[in-house]
Amino acid sequence: MGGVIAIVVVVVLFMAALPVLVGLQGWLRDRARRRTIEAFREQNAGVLLVNTKRWPTADSTVAPALVASSTVRCLDSTRFSLGSLRQIVGGEMKMFGGNMNLARDEAIERLRDEARGQGFDCVLNVRFETSQVAATAFEIVAYGTGIRRAAQG
Amino acid sequence: MIVVTTETVPGYAVTQVIGLVRGNTIRARHVGRDIMAGFKAMVGGEIKSYTELLTKAREEALQRMVEDAQRLGANAVVNLRFSTSSVMQGAAELFAYGTAVLVQPQQGA
């Protein structure tokens, strides 16, 4: 009898702790992602992104090519539920906004990385595409045309 | 801060390109407004409370983009683009992005 009670207690505790653990791991992962993005940003500092069609002061010295990157993201269930509470009263959803920003940071850094890998130092005409791919997941695509600027910036 | 949707600012010359700047906000609808909007959806027409909500949110996204540009020391943003997307049931993301530049008035323009 005592064994059964102990098992029930453990299960109940586990069920209660699960959302907290899920939220915590999501938060920790996001923190790690931010750090990774920072590192990428430093590494890719030489690649400039603009969304104008041409570089105002110079032409490309190599053949331009398409560069693209994407990321599909979702929030963990705990923070998703907490964030969803906003829908009762309306207003800004900071948790989702932050997640979206992070995803876009990620897409941008991947784009710059891609451009750098192909030997470009600038991406022209950068565009973003956002789409909902599942009830809780969205995709962010960033794409543009990679060029190499002439000697002067 | 000059914000334009064209590639260059007429009458100004771009002296330096700073790079991409952006701003976003995600807005949730309001349950009370939802009920009214539900009624409205039966008869069609403009849903004023949503128009107002999204307009305010878009201004906020734009403001954040401008702040980003200011932080980078730009005095103009060219090629501004807006994008709106539904990120989950009942919430919309407003996103504004453009290219931050330094401009100065052209002589004789």
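Enquirer: Would you mind showing me how to read the sheet that holds strand β2 (residues 12-28) of chain B here?
Expert: Across the sheet, five strands lie side by side as β3(A)-β2(B)-β4(B)-β3(B)-β1(B); this open sheet has mixed pairing. Of all strands in the sheet, those with a lone pairing partner are β3 (91-92) of chain A together with β1 (2-3) of chain B, marking the two edges. Relative to strand β4 (residues 91-105) of chain B, strand β3 (residues 76-88) of chain B runs antiparallel, the two sharing 10 bridges. By the bridge assignment, Ser-86 of chain B is partnered in β4 of chain B with Ala-92 of chain B. Along the sheet, helix α4 (residues 94-117) of chain A makes contact with β3 of chain A together with β2, β3 and β4 of chain B, crossing β2 of chain B at roughly 140°. Packed onto the sheet, helix α2 (residues 48-71) of chain B meets β1, β2, β3 and β4 of chain B and runs at close to 140° relative to β2 of chain B.

Enquirer: Before we go on, may I ask you to explain the interface of chain A and chain B in this structure?
Expert: Interfaces are often sized by the accessible area lost when the parts come together. In this complex, chain A contributes 26 residues to the contact, which on the side of chain B involves 29 residues. At the level of secondary structure, the elements contributing two or more residues to the side of chain A that touches chain B comprise β1 (48-49), α3 (86-89), β3, α4 and β4 (122-132) of chain A. Looking at the side of chain A that touches chain B element by element, the count peaks at five residues for β4 of chain A. Classifying every residue of the side of chain A that touches chain B gives 12 nonpolar, 11 polar and three charged. Bridge count for β3 of chain A against β2 of chain B is two bridges, and the pairing is antiparallel.

Quick notes on the rules
Residues numbered from 1 in each chain as written. Chains lettered and ligands numbered in written order. Predicted model: local features only at pLDDT ≥ 70, side-chain atom pairs only at ≥ 80, totals over all residues. Pairing = 2+ DSSP bridges. Helix = DSSP H or I, 4+ residues; strand = E, 2+ residues; numbered from the N terminus. Contact = placed C-beta atoms within 7 Å. Axes fitted to C-alpha atoms, helices over the stretch in contact; angles between N-to-C directions. Nonpolar A, V, L, I, M, F, W, Y, C, P; charged D, E, K, R; others polar.

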